[in-house]
Amino acid sequence: MKVMLEKLMEAGAFAGLLLLGCVGVAAQSGSGQSQQNPPPAQQQTDKDKANTLTLDTPAPPVNAEEDAAFKAFDAMPLTDGAKKIQSGEAFVQKYPQSRYLAPVYSNLVKLYLQANEIQKMQDAGEKDVALAPNDVQTLAILGQTLPRAWSSSMPNAAQQLDKAEKFSKSAIELTPTIAKPDAMTDAQFSLAKNQTLAMAHSGLGLVYFRRGKYDAAIPEFEESTKVDPNPDADPVTFYVLAIADEKTSHFDAAVAAFTKCASIPGSLQPTCKNGADEAKKLGATQLSAPK
């Protein structure tokens with residue numbers, strides 16, 4: 001497993017596998033609407049600004065033209081990602097002081113992530129949290145995505161992990177304090193909070209994992225899988241949890257995590273099946289650490 005993991009990292013495949021899971025989570029979270037299936041297009045209008053999980057309150061509108069431009073952007077379905085990105089980029093360029101910049105950037109974060117434009121996603125996300133520091137969904141997406149896209153050879157690698165740690169911890173701290181938006185049902189609100197916490201804990205765990213702090217990473221990964229309302233959608237957290245368990249000689253736990261990962265359809269299945277077999281062998285020949 002050590003040799004295989006090193007090869008994946010060297011080839012950049014490890015980051016690619018991580019990002020696949022992250023894009024899946026972003027697609028599920030949508031733009032604040034907490035449903036596992038995308039809502040009908042006619043339900044998109046006013047959804048994003050009404051259902052975003054945040055403590056921040058926008059300033060009064062500037063003018064009717066700006067209002068109309070935002071409503072046109074907001075009404076576009078998320079399924080038309082390229083068109084909505086183009087509209088959002090045009091909006092922030094035309095109205096650089098708009099009251100709506102934060103919700104537009106919040107939407108662009110998810111759209112860029114789904115398009116796998118990670119640098120644009122990060123730029124939009126950092127602008128969003130500068131304007132709306134309590135937008136926990138953007139905080140969680142940044143916290144999860146940055147360490148998944150991370151490479152030790154990238155510029156400012158250490159600073160990127162520091163940012164991801166800050167974003168994830170802020171999301172974990174703030175999410176329980178968010179009041180339920182009027183447009184959300186109790187079930188939708190609970191789902192949205194749990195999805196946000198799952199991303200944030202997974203991101204924080206991966207920050208520790210990247211730093212080689214496997215003992216610190218394990219409880220974060222475990223909490224992520226515990227609160228995630230749909231853990232089967234993202235095998236990545238189980239994968240890195242299994243590796244962290246193996247590296248800390250928790251071989252039975254590693255087998256369980258690899259087996260869970262292997263049960264989820266996707267490109268990680270063969271890797272996780274092999275990982276489970278190897279962890280079983282290690283558990284039979286090496287001393288396991290106490291739980």
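Small disclaimer: the values here were computed from a predicted structure and weren't measured.

Caption draft 1: Expanded view of helix H13 (residues 251-262). Relative to the 16 Å expected for 12 residues at 1.5 Å per residue, H13 spans 16 Å between its end C-alpha atoms, a close match to the ideal helical length. Among all positions of H13, only Phe251, Ala254, Val255, Ala257, Phe258, Cys261 and Ala262 are buried. Residues of H13 that are buried make contact with helix H12 (236-247) and helix H14 (269-285).

Caption draft 2: Highlighting the pattern of salt bridges. In this structure the tally under the stated criterion is 9 salt bridges. One salt bridge in this structure joins Lys94 and Glu65, with 3.4 Å as the shortest N-O distance. Pair noted here: Lys94 is in helix H5 (residues 81-94) and Glu65 is in helix H4 (residues 64-75), with a separation of 29 residues, a long-range link. Overall, Glu65 belongs to the partly exposed group, its relative accessible area being 48%. We note a salt bridge from Glu126 to Lys163, for which the minimum N-O separation is 3.0 Å.

Caption draft 3: Broad picture of the state of the cysteines. This structure, assessed with the given rule, holds 1 disulfide. There is a disulfide in this structure between Cys261 and Cys272, and the S-S distance comes to 2.1 Å. When the S-S torsion is 60°, as for the bridge of Cys261 with Cys272, the disulfide is right-handed. Pair noted here: Cys261 is in helix H13 and Cys272 is in helix H14, with a separation of 11 residues, a long-range link. Its relative accessible area of 0% is what places Cys272 among the buried residues.

Caption draft 4: Molecular detail of the packing of helix H10 (residues 186-210) against H12. As a packed pair, H10 and H12 sit with axes 11 Å apart at the nearest point and diverge in direction by 35°. Crossing of H10 against H12: the hand is left-handed. Residues Ser202, Leu206 and Phe209 of H10 pack against Thr237, Val240, Ile243 and Ala244 of H12. The class makeup of the residues in the contact of H10 with H12 is 5 nonpolar, 2 polar and no charged.

The rules behind the values
Residues numbered from 1 in each chain as written. Predicted model: local features only at pLDDT ≥ 70, side-chain atom pairs only at ≥ 80, totals over all residues. Heavy atoms only, no water. Helix = DSSP H or I, 4+ residues; strand = E, 2+ residues; numbered from the N terminus. Expected span 1.5 Å × (residues − 1). Buried < 20%, exposed > 50% of the residue type's maximum accessible area, 1.4 Å probe, protein only. Contact = heavy atoms within 4.5 Å. Salt bridge = Lys/Arg side-chain N within 4 Å of Asp/Glu carboxyl O. Disulfide = S-S within 2.5 Å. Axes fitted to C-alpha atoms, helices over the stretch in contact; angles between N-to-C directions. Left-handed = near helix turned anticlockwise from the far one by under 90°. Nonpolar A, V, L, I, M, F, W, Y, C, P; charged D, E, K, R; others polar.

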